[in-house]
Amino acid sequence: MQEDNFRVRFWGVRGSLPVSGEQFLRYGGNTSCIEIRCGKEVLLFDAGSGLREAGASLIAEGVDNYDLFFTHSHYDHIIGLPYFKPIYKCQSSVRFWSGHLHGLTTTKEMIRDFMRPPWFPVDPDICQASLEGVDFKPGDVLTPRESVTIRTTSLTHPGGCVGYRVEWNGRAVALVYDTEHEPGILDPAVLELIAGAELVIYDCTYLESEMTHFRGFGHSTGMHGARLAMAAGVKRLAMFHHDPARTDAQLDAMEIDVQSMFAGAFAARDGQIIDL
């Protein structure tokens, strides 16, 4: 990895639950997990089922220090954590960050609540890595590594959710999922978070025609993401958090529709790498 390289890798792009089968081969079936490289620094966002493969790859590469940021703690965003091999290695150091439950519980308490019997055979005490929980409140500016700045904001999702903007070497990537938009309104907080970003990763769970049936579920559409991207001067838009029932052919069609509004849009795939 070049020291000046700003890279995004998608390890899981689905929402709700993992899927498999012939209709899901090209876009993949793992749930939310994104790796962002700022030169030699490794940042991970969400612990969906894609985190298992991310951990194996990073161990093979010799990575020992990790920062893992939660957008929130619904099942599809945490299910991979117990299968993240670095937490069981004594050579590893892992910091977990969360802010969506600020004032209600700590990051360490959150992890212990879902990684324990009867939900999982063992609790975090079995982990041999050095583990640290870092708590913040949405709106805070984080500095997890030298020269890396992460801005945060609250998103509209049941139970709370955090959007992130990762800034490094004069460039920015924004993660805006899970979030629900109001029809006809461009959320000022989201516009501020994504302004001028090289890449925005956005919640495209539903089609415009489906939103009336899923009002209150906490998700958005690729077309609304395109409207935000155009208004904020964004270069590229990654459609993310695909509905688990959305087939490869349907995602192809969604991608074409959104590209008709914003040419820089694409539907993210498991394993896809974007160099900025």
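Structure: see above.
Residues numbered from 1 in each chain as written. Predicted model: local features only at pLDDT ≥ 70, side-chain atom pairs only at ≥ 80, totals over all residues. Heavy atoms only, no water.

Undergrad: Requested: an account of the overall build of the protein chain, with residues and values cited.
TA: When you go through the protein chain residue by residue, the secondary structure sums to 6 helices and 14 strands. Its C-alpha radius of gyration of 18 Å places the protein chain within 12% of the 19 Å reference for a compact globule of 276 residues. Taking the principal axes of its C-alpha atoms as reference, the protein chain extends roughly 50 × 40 × 40 Å. The long-range share in the protein chain, meaning contacts at least 24 apart out of those at least 6 apart in sequence, stands at 67%. A total accessible area of about 11,700 Å² is found for the protein chain, and carbon and sulfur atoms account for 52% of it. Between the averaged position of the 24 positive side-chain charges in the protein chain and that of its 36 negative side-chain charges there is a distance of 4 Å. (Helix = DSSP H or I, 4+ residues; strand = E, 2+ residues; numbered from the N terminus. Rg over C-alpha atoms; globule rule 2.2 N^0.38 Å. Contact = heavy atoms within 4.5 Å. Areas by Shrake-Rupley, 256 points an atom, 1.4 Å probe, with all protein chains shown as cover. Lys, Arg positive; Asp, Glu negative; His and termini not counted. Charge placed at Lys NZ, Arg CZ, Asp CG, Glu CD.)

Undergrad: Describe the pairing of strand β12 (residues 236–240), naming the residues involved and giving the relevant values.
TA: Side-chain direction in a regular strand flips from residue to residue, so the side chains alternate between the two faces of the sheet. Counting buried positions over the 5 residues of β12 gives 4, a clear majority of the element. For the crossover from strand β11 (residues 199–203) across helix α5 (residues 222–232) to β12, the handedness is right-handed. (Buried < 20%, exposed > 50% of the residue type's maximum accessible area, 1.4 Å probe, protein only. Right-handed = clockwise from strand over helix to strand, strands pointing away.)

Undergrad: Help me get a handle on the nonpolar core, residues and values and all.
TA: One finds F10, F45 and I201 to be the most contacted residues of the largest nonpolar core, which totals 31 residues. Elements that contribute at least two residues to this core include exactly β1 (6–12), β2 (33–38), β3 (41–45), β8 (148–154), β9 (162–168), β10 (171–176), β11 and β12. The greatest single-element share of this core, amounting to 4 residues, is contributed by β9. Discounting chain neighbours no more than four positions away, the residues touching F45 are S32, C33, I34, I36, F69, I150, Y164, V166, L175 and Y177. (Core = buried A, V, L, I, M, F, W, Y, C linked by side-chain atoms within 4.5 Å.)

Undergrad: I'd love a proper account of helix α3 (residues 107–114), names of residues and values included.
TA: Within α3, burial applies to T107, M110, I111 and F114. One face of α3 carries all of its buried residues, which in axial projection span an arc of 95 degrees. Along its buried surface, α3 packs onto α2 (75–78), β5 (93–98) and β6 (130–135). (Arc of directions from axis to C-beta.)

Undergrad: Any details on the packing of aromatic side chains? Residues and values, ideally.
TA: Summed over all chains, the structure comprises 13 aromatic pairs. Measuring from centroid to centroid gives 5.1 Å for F69 and W97, while their planes differ by 20 degrees, and the two rings are stacked. Highlighted residues: F69 in strand β4 (residues 65–69) and W97 in strand β5, separated in sequence by 28 residues. Judged by relative accessible area, which is 0%, F69 ranks as buried. Of the aromatic side chains, those joined through ring pairs into one cluster are F45, F69, W97, F136 and Y164. Looking at R269, its charged tip hangs above the ring of Y27, at a distance of 4.5 Å from the centre. (Phe/Tyr/Trp six-rings, centres within 6.5 Å; stacked < 30°, edge-to-face > 60°. Lys NZ or Arg CZ within 6 Å of the ring centre and 35° of its normal.)

Undergrad: So what's going on with the layout of surface pockets? Which residues, and what values?
TA: Considering only enclosed or pocket space, the largest pocket measures out at about 330 Å³ in volume. Among the secondary structure elements, those contributing two or more residues to the lining of the largest pocket are α2 and α3. Looking at which element gives the most residues to the lining of the largest pocket, the answer is α3, with 3 residues. The volume enclosed by the second largest pocket comes to roughly 210 Å³. Lining the second largest pocket are 14 residues, and of these K108, I111, R112, P124 and L131 lie nearest its centre. Every element with two or more residues in the lining of the second largest pocket is listed here: α3 and β6. Counting residues per element, the lining of the second largest pocket draws most heavily on α3, at 4 residues. The residue makeup of the lining of the second largest pocket, split by class, is 8 nonpolar, 1 polar and 5 charged. (1 Å grid on protein atoms, 1.4 Å probe; cavity = no way out; pocket = protein on both sides within 12 Å on 5 of 7 lines; lining within 4 Å. Points joined across faces, edges and corners; volume = space filled by probe spheres on them. Nonpolar A, V, L, I, M, F, W, Y, C, P; charged D, E, K, R; others polar.)

Undergrad: Please set out the sheet that holds β6 residue by residue, giving values where relevant.
TA: Pairing within the open sheet is mixed, and its 7 strands lie in the order β6-β5-β4-β3-β2-β1-β14. The open sheet has two free edges, formed respectively by β6 and β14 (273–275), since each of these has just one partner strand. Across the sheet, the axes of successive neighbouring strands diverge by a mean angle of 20 degrees, strand direction being ignored. In terms of strand pairing, β4 meets β5 through 5 bridges, oriented parallel. For L68, the partnering residue across the bridge sits in β5 and is F96. Running at roughly 30 degrees to β2, helix α1 (residues 51–61) makes contact with β1, β2, β3 and β4 of the sheet. The strands touched by α3 are β5 and β6; relative to β6, the strand with the most contacts, the crossing angle is about 120 degrees. (Pairing = 2+ DSSP bridges. Axes fitted to C-alpha atoms, helices over the stretch in contact; angles between N-to-C directions.)

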